[in-house]
Amino acid sequence: MSAPTIYDIAARAGVGIATVSRVINGSRRVSDHTRKAVQKAMADLGFRPNHAARRLAAGVPNRPRVVALMPFFTTAFYFTVCKALSETLSAADMDLVLVDVRDQQEADRHLDRLIAERSSEGVVLCSMDISDERRSQFETLNLPIVALDCNTKTIPHVAVD
């Protein structure tokens, strides 16, 4: 099932896509009644704005980014990993977004958001694996994911010795 679009929201709320866009962007040029109808349609369909598309539409530079999920406050190892990732991605004109996660449940919340918002061009998981269902979600979105320091059979991985 694909993520709902502003066209889906507009059809559900009985408005045009420009009105949906105004609601998403917080414009005051929408009546309270219409705003509530659009917000209800968004909630009913589980709509999450695509931040990359919003940046593109606004004419804001849209640098690609890779998100690294890691328990980086646990050991110095992760600081070394961050430095290498940052330098490599910077040389490729990409941004690195670091997310400190304490456990798999917190990692899953961040992964849910990344998938819903499609706000990253790739994900690095440090010392953690994902389920087959989660891997399938990433494949469907054609979103590359790699595990570091985790011998996993579900996704490509890099071992450190």
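These notes cover the structure that comes with them.

The rules behind each value
Residues numbered from 1 in each chain as written. Predicted model: local features only at pLDDT ≥ 70, side-chain atom pairs only at ≥ 80, totals over all residues. Heavy atoms only, no water. Salt bridge = Lys/Arg side-chain N within 4 Å of Asp/Glu carboxyl O. Helix = DSSP H or I, 4+ residues; strand = E, 2+ residues; numbered from the N terminus. Buried < 20%, exposed > 50% of the residue type's maximum accessible area, 1.4 Å probe, protein only. Polar contact = N/O pair within 3.5 Å; in protein donor to acceptor, adjacent residues only side chain to side chain. Core = buried A, V, L, I, M, F, W, Y, C linked by side-chain atoms within 4.5 Å. Contact = heavy atoms within 4.5 Å. Axes fitted to C-alpha atoms, helices over the stretch in contact; angles between N-to-C directions. Parallel < 35°, antiparallel > 145°, perpendicular 65-115°, else oblique. Left-handed = near helix turned anticlockwise from the far one by under 90°.

What follows concerns the pattern of salt bridges. The full count for this structure, using the stated rule, is seven salt bridges. Among the salt bridges present, the one from Glu87 reaches Lys83, with a minimum N-O distance of 3.6 Å. Placement of both Glu87 and Lys83 in helix H5 (residues 77–91) is noted, with a separation of four residues, approximately one turn of the helix. Classification of Glu87 as partly exposed rests on a relative accessible area of 49%. A cluster of three or more residues bridged by salt bridges with shared partners is formed by Arg12, Lys40 and Asp44.

Let's shift gears to the side chain of Arg134. Within the fold, Arg134 resides in helix H7 (residues 132–140). Owing to a relative accessible area of 8%, Arg134 belongs among the buried residues under this scheme. A distance of 2.7 Å separates the side chain of Arg134 from the side chain of Asp112, its partner in a polar contact.

Phi at Asp93 is positive, roughly 60 degrees, even though this residue is not glycine. The exposure class of Asp93 is partly exposed, given its relative accessible area of 46%. For Ser127, which is not glycine, the phi torsion reads 60 degrees and is therefore positive. Mapped onto the elements of the fold, Ser127 is located in the loop between strand E3 (122–126) and H7.

Ranked by internal contacts, the top residues of the largest apolar core, which has 18 residues, are Leu69, Leu111, Val123, Leu125, Phe138 and Ile145. Among the elements that take part in this core, helix H6 (residues 104–117) stands out by supplying four residues, more than any other. In this view, Phe138 contacts Leu111, Ile115, Val123, Leu143 and Ile145; residues no more than four positions away in its chain are not counted. Among the nonpolar cores identified, the runner-up in size contains eleven residues, and Tyr78, Val81, Val124 and Cys126 belong to it.

With that settled, consider the packing of helix H1 (residues 6–13) against helix H3 (residues 32–45). Close contact between H1 and H3 brings their axes to 9 Å; oriented N to C, the two are set at 120 degrees. Viewed along their axes, H1 and H3 adopt a mutual orientation that is oblique. For H1 against H3, the interelement crossing comes out right-handed. Of the residues in H3, those in contact with Asp8, Ile9, Arg12 and Ala13 of H1 are Ala37, Val38, Ala41, Met42, Asp44 and Leu45.

A word on the packing of H1 against helix H2 (residues 17–24). Between H1 and H2, the shortest axis-to-axis distance is 8 Å and the interhelical angle comes to 105 degrees. In terms of axis orientation, H1 runs roughly perpendicular to H2. Contacts between H1 and H2 involve Ile6, Tyr7, Ile9 and Ala10 from the former and Ile17, Val20 and Ile24 from the latter.

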